[in-house]
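Single-letter residue listing:
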Amino acid sequence: MAQNPLKHIRDHYDVVVIGAGLAGLTAANTLARAGHGVLLLEQHNKLGGLAAWFRRAGGHIFDVSLHGFPVGMIKSCRRYWSREIADSIVQLPNIRFDNPQFSLTTSFTRTDFTRLLTERFQIPPETVEAFFDTARDMNFYDDQSTTTQALFERFFPGREDVVRLLMEPITYANGSTLEDPALTYGIVFSNFMSKGVFTFQGGTDRLIRLMRRELNANGVDVRLLADAQTIHVDRGHVTGVTVNGHRIAARAVLSNANLKGTIFDLVGREHFDPDFVEEADAVRLNNSSTQVYMALKPGEMVDPECGDLLFSSTAPAFRTDMLLSRDITSRTYSFYYPKTRPQGPEPRCLIVSSTNANYDDWAHLPPPEYEEQKRDLAESTLDAVEKYVPNIGHKVDHVEVSTPKTFERYTQHWGGASFGTKFEGLAVSRALPEQIAGLYHAGSVGIIMSGWLGAVNYGVIVANDIDAYLLNNHLPSEEGGAE
Ligand SMILES: Cc1cc2nc3c(=O)[nH]c(=O)nc-3n(C[C@H](O)[C@H](O)[C@H](O)COP(=O)(O)OP(=O)(O)OC[C@H]3O[C@@H](n4cnc5c(N)ncnc54)[C@H](O)[C@@H]3O)c2cc1C
């Protein structure tokens, strides 16, 4: 008989963390290190959330969202996790672009972008420098009415090729568009393009295994297959949660679930001020993705010339709406080599093709059509990969497709959102404890608080808020402390 996921669970904790994405995991670890009694609930059978991996017959292990993250991850992991985790982060040296306007390889650093922009795109060095400085100096309190499009027009008028070079990776990285405020671009661009793109040596499964070890050592009570259904509120204070039908008391609750799901599904709109509800209703979800996972047969190698991350497109120019269209013209490939992504004793290579996608294009298809669309996507992707990996059809051992519905199913994210919400979600997320004492949210909400690094850092920020809240609202009779 299957084990009860809540076996021996206590009936009270200092903090319940709902969701074991990178923000939930990091917050739980930080709070436990500070001496609080922490229960971490995850509805899936694995930790990690979108930082997921899966195994398939033949021993292939696919990473879902390990395509690349900024250098800041090293410092954050050293501080909030362990030296072993931090020391496993390595740079991806070859980032490629291949489209009708240009084909090039870059190390994705400010120095290399400056070289490309001045030598290849013939932009005056002082313009490049002024652009980088402006992007770097942007902060959340800047004017939010200037769009990214206007920022580009200011520095590179009429240069669609430059816009494509500078924008395509960011649209891929967080779904932001030319119509979004320029600061959403500036902050992410500076984070991403200052010192290159990094990955985790050994894959997501190793990262999460190491994180689990830390959580155990710090006394976090971790429960898988534990679906939180309700966050309880009494007279403006959080009182606990119901998980798998079982009620647990807590002084604070941190939700790492989707922001809108937290407010409307887990708490209920009746517990918030009408103005806040209006603001939360207006928060836009980020777009979703499709991915095609391809495993090559053992011993079949990808030529390292393919690069590590390849932004490929057949569209004549860059347009955000085309990046989301079901009529796919742009694909971002991650090539995984045995050195950074070992999968057992024999050398193996994997390719993952990612494309931004609209949830509504997939969500309402009748099952046969849905399956048909998935098959089409797999086939058209193999055709497109042929350009970079000749004879791919003979080399491939396993192909599998995920859609916005897949992401929704495994994480319960509204709309299968890959990066939570657009930037306006941050203010709503931060305002939760002003609405209900002891209620917090941490997880992808646009701009810097999304992606692997954003999620880790946001988890720490909110854990510190909760730590302060618990210390200032101490109830002497409560147990507290890690088990
Ligand atoms: C296809 C794809 C590719 C990506 N590539 C990259 C990349 O290359 N680099 C990068 O930096 N970022 C990438 N990202 C984004 C990155 O993975 C996410 O921003 C980040 O992992 C999100 O972390 P999070 O803490 O916000 O929570 P999530 O990962 O969203 O996790 C939330 C967790 O909460 C759990 N949960 C939800 N509801 C409940 C409930 N009621 N009870 C219990 N548990 C619940 C879910 O199961 C999930 O585990 C990618 C995302 C996608 C989808």
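Residues numbered from 1 in each chain as written. Predicted model: local features only at pLDDT ≥ 70, side-chain atom pairs only at ≥ 80, totals over all residues.

Notes on helix α14 (residues 367-385)
- In this model, α14 (19 residues) spans 27 Å end to end at C-alpha, consistent with the 27 Å of a helix rising 1.5 Å per residue.
- Along α14, the residues classified as buried are Lys374, Leu377, Thr381 and Val385. The arc enclosing the buried residues of α14, seen along the axis, measures out at 60°, which places them on a common side. Facing away from the buried surface of α14 by more than 90 degrees, the exposed residues are Pro368, Glu369, Glu372, Arg375 and Asp383. (Helix = DSSP H or I, 4+ residues; strand = E, 2+ residues; numbered from the N terminus. Expected span 1.5 Å × (residues − 1). Buried ≥ 20, exposed ≤ 12 C-beta atoms within 10 Å, placed from the backbone. Arc of directions from axis to C-beta.)

Quick look at the nonpolar core
- Of all hydrophobic cores here, the largest spans 133 residues; its most connected members are Val15, Val16, Val17, Ala28, Val38, Val253 and Leu254.
- It is helix α18 (residues 451-472) that contributes the most residues to this core, nine residues altogether.
- Those residues within four positions of Val38 in sequence are excluded, and the remaining contacts are Tyr13, Asp14, Val15, Val17, Ala28, Leu31, Ala32, Val220 and Asp221. (Core = buried A, V, L, I, M, F, W, Y, C linked by C-beta atoms within 7 Å. Contact = placed C-beta atoms within 7 Å.)

Some remarks on the domain arrangement of the protein
- Assigned domains within the protein: domain 1 (12-45 + 224-284 + 419-472), domain 2 (53-92 + 198-203 + 287-411) and domain 3 (109-192).
- Here the C-alpha centre of domain 3 lies 33 Å away from the C-alpha centre of domain 1.
- Between domain 1 and domain 3, the residue contacts involve seven residues of the former and eight residues of the latter.
- The class makeup of the residues in the side of domain 1 that touches domain 3 is four nonpolar, three polar and no charged. (Domains from an automatic or database assignment. Nonpolar A, V, L, I, M, F, W, Y, C, P; charged D, E, K, R; others polar.)

Remarks on the site of the ligand
- Near the ligand lie 39 residues; those nearest to it are Gly19, Gly21, Gly49, His67 and Gly451.
- Considered class by class, the residues forming the shell around the ligand number 15 nonpolar, 22 polar and two charged.
- Of the residues that make up the shell around the ligand, three or more belong to each of domain 1 (12-45 + 224-284 + 419-472) and domain 2 (53-92 + 198-203 + 287-411). (Near = placed C-beta within 6 Å.)

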